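What the coordinates show
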Amino acid sequence: MKINLTNIKKSEKLLNIGECVAIPTETVYGLAGNAYSNSACKKIFKLKKRPKNNPLIVHYYNKKNLKQDCSYNRSFLKLYKKFCPGPITFILDLKKGSKISKIATNKLNTLAVRFPKHPVARCLLKKLNFPLAAPSANLSSRVSSVSSSDVKEDFGKKIKYVLEGGRSTIGLESTIIDLRDKPSILRLGGLKISEIQKVLNKKIKISNTNSNILSPGQFKIHYSPGIPVRLNIKKMKKEEAYISIKREGKDKPNCFFLSKNGNLNEAAKNLYSTLRKIKKKNYKSIAVGKIPNKGLGKTINDRLMRASKF
Ligand code: TXA
Ligand code: MG
């Protein structure tokens, strides 16, 4: 993708004066602000209507920039080498002298850290002299944005600027791994657990329960399209929209498929835009067919399960 330097400059200027800008990443769009600035972080919470106790994830250009804020171990280095920049978020210990805003972390002594791969995000991060706090650019508890028009749909003129970066190529949020003690997965995401296990050479436990903030993004209602979602459905009701993993039979106006022939990466990329599309067409509910529970299908099922709690 060609990078428009005028757009980068505009974002840079706004971020430098403490404003928020929506930025593209390969997973989903983020609502970004200076992670060292209390007022910029406050603006993010306000715009998203996000509960104060749900800390922000912080984006860095590379690990050299991270060094002043967090400490890390060998597991981090292994995963960083293999997957970064990319769709993985690490929970690390904050260093004492870290400049990260206490508003961003809700005074926790840990930080969620990510190195996005999207070339536009990387170009911007390289130019700034602070990291970017950037939760997904959607209203709290709703479906994430995978394009600039999704962001505009959610926030309208409330956001000063949306940096264009085309459609997010992965379409699901990053996989979150807590590396402080025994590695554990806190959120399934765009990087398959099997890939992570291969690099760390061990089985990793998934601890995405609803218990507390250490199970992030995991409030009961999340990723909701705003209408009821029913799962593992073979037969839809009359006026429902129906989502299947692959194209089946003749196209019908109320039938949507996530991929042509069941490819799970393609399905992941299309999930959120399909949920948004259905809502915009004014369907009152959604029925979803069975999605294979392997690879990114696990993440898709995780999101649909949460969406169905609406
Ligand atoms: O792919 C992504 O991760 C996207 C893009 C924009 O980078 N971001 C994203 O942010 O999904 P958000 O805020 O929607 O999800 C990040 C999750 C939140 O659910 C939050 O609870 C969790 O990370 N989190 C943040 N700081 C944490 C911490 N110190 N410990 C545990 N979880 C944390
Ligand atoms: Mg989110």
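Residue numbering note: each chain is counted from 1, following its sequence as written. Chains carry letters from A onward and ligands carry numbers from 1 onward, assigned in written order. Local features are withheld for residues below a pLDDT of 70 in this predicted model, meaning they are given only at 70 or higher, and side-chain atom pairs are given and counted only at 80 or more; totals for whole chains, interfaces and linings count all residues. The side-chain figures draw on all heavy atoms in the structure; neither hydrogens nor water molecules are used.

Focus: the overall build of the protein chain
Segments assigned H or I by DSSP are reported as helices when at least four residues long, segments assigned E as strands when at least two residues long, and all are numbered from the N terminus. Scanning the protein chain from terminus to terminus reveals 10 helices and 15 strands. Here the globule rule is a power law, 2.2 Å times the number of residues to the power 0.38, and the radius of gyration is based on C-alpha atoms. Its C-alpha atoms give the protein chain a radius of gyration of 19 Å, within 12% of the compact-globule value 19 Å for 310 residues. In terms of its C-alpha atoms, the protein chain occupies a principal-axis envelope of roughly 60 × 45 × 35 Å. Throughout this description, buried means an accessible area under 20% of the type-specific maximum (1.4 Å probe, protein chains only), exposed means over 50%, and partly exposed covers the range between. Taken across its 310 residues, the protein chain has 56% of its residues classed as buried. We call two residues contacting when some pair of their heavy atoms lies within 4.5 Å. Contacts in the protein chain between residues at least 24 apart in sequence constitute 67% of all its contacts with a sequence separation of at least 6. Here the protein chain has roughly 15,200 Å² of accessible surface; of this, 51% comes from carbon and sulfur atoms. Positive charge is attributed to Lys and Arg, negative charge to Asp and Glu, and no charge count is given to His or to the chain ends. To locate a charge, take atom NZ for lysine, CZ for arginine, CG for aspartate or CD for glutamate. For the protein chain, the separation between the mean place of its 66 positive charges and that of its 19 negative charges on side chains is 3 Å. Only the protein chains shown count as cover for residues, with accessible areas throughout obtained via the Shrake-Rupley method and a probe of 1.4 Å.

With respect to unusual backbone geometry
The linkage connecting Cys84 with the following residue, Pro85, adopts the cis geometry, with an omega of 0 degrees. Among the structural elements, Pro85 can be located in the loop between helix H4 (74-83) and strand S5 (88-94). Not every positive phi belongs to a glycine, and Lys107 is a case in point at roughly 65 degrees. Tracing the backbone through its elements, the reader meets Lys107 in the loop between helix H5 (102-105) and strand S6 (110-114). By relative accessible area, Lys107 is classed as exposed at 70%. One non-glycine residue with positive phi stands out, namely Asn201, at about 60 degrees.

Points about the pattern of salt bridges
We define a salt bridge as a side-chain nitrogen of Lys or Arg found within 4 Å of a carboxyl oxygen belonging to Asp or Glu. Counted under the stated rule, the structure contains 15 salt bridges. In this structure, Arg303 and Asp302 form a salt bridge, with 2.7 Å as the shortest nitrogen-oxygen distance. Taken as a pair, Arg303 and Asp302 share a single burial class, namely buried. Put simply, Asp150, Glu153, Asp154, Arg276 and Lys280 are held in one network by salt bridges that share partners.

Structural notes on the environment of Leu79
Turning to its location among the elements, Leu79 is positioned in helix H4. Residue classification places Leu79 among the buried positions, given a relative accessible area of 0%. Sequence-distant contacts of Leu79, defined by excluding residues within four places in its chain, comprise Cys84, Ile88, Phe90, Ile177, Leu179, Ile196, Val199 and Leu200.

Regarding the environment of Glu248
For Glu248, the location among the structural elements is in the loop between strand S13 (241-246) and strand S14 (255-259). C-alpha of Glu248 to C-alpha of Leu188: the two residues are 60 residues apart in sequence and 28 Å apart in space.

Some points on the packing of aromatic side chains
What counts as a ring pair is set by centres within 6.5 Å for rings of Phe, Tyr and Trp (its six-membered ring), and what kind of pair is set by the plane angle: stacked under 30 degrees, edge-to-face over 60, tilted for all other angles. Tallying each qualifying case throughout the model produces nine aromatic pairs. One aromatic cluster is present, formed by Tyr60, Tyr72, Phe76, Tyr80, Phe90 and Phe115 through successive ring pairs. By definition here, charges over rings are those cases where NZ of Lys or CZ of Arg is within 6 Å of the ring centre and within 35 degrees of the ring normal. A cation over a ring is seen here: Arg303 above Tyr223, with NZ or CZ 4.8 Å from the ring centre.

Considerations on helix H6 (residues 119-127)
Each turn of an α-helix holds 3.6 residues, which means side chains three or four residues apart point in the same direction. Taken together, the buried positions of H6 are Val120, Ala121, Arg122, Cys123, Leu124 and Leu125. Those residues of H6 that are buried lie in contact with helix H1 (5-16), strand S1 (21-23), strand S3 (57-59) and strand S7 (132-133).

Let's talk about helix H2 (residues 38-48)
Listed in full, the buried residues belonging to H2 are Ala40, Cys41, Ile44, Phe45, Leu47 and Lys48. Packed against the buried residues of H2 are strand S2 (30-34), H5, S7 and helix H7 (148-155).

So, the sheet that holds S14
Two strands are said to pair when DSSP picks up at least two bridges between them. Strand order across the open sheet formed by four strands is S12-S15-S13-S14, with parallel pairing between neighbours. Of all the strands in the sheet, just strand S12 (229-230) and S14 have a single pairing partner and so form its edges. Where S13 and strand S15 (residues 286-288) come together, three bridges link them in parallel fashion. Directly across from Tyr242, in S15, lies its bridge partner Ala287. As a rule, the C-alpha atoms of each element are fitted with a line to give its axis, helices using only the stretch in contact, and angles between N-to-C directions run from 0 to 180 degrees. Packed onto the sheet, helix H9 (residues 264-280) meets S13, S14 and S15 and runs at close to 150 degrees relative to S14.

These figures come from the coordinates and say nothing about function on their own.
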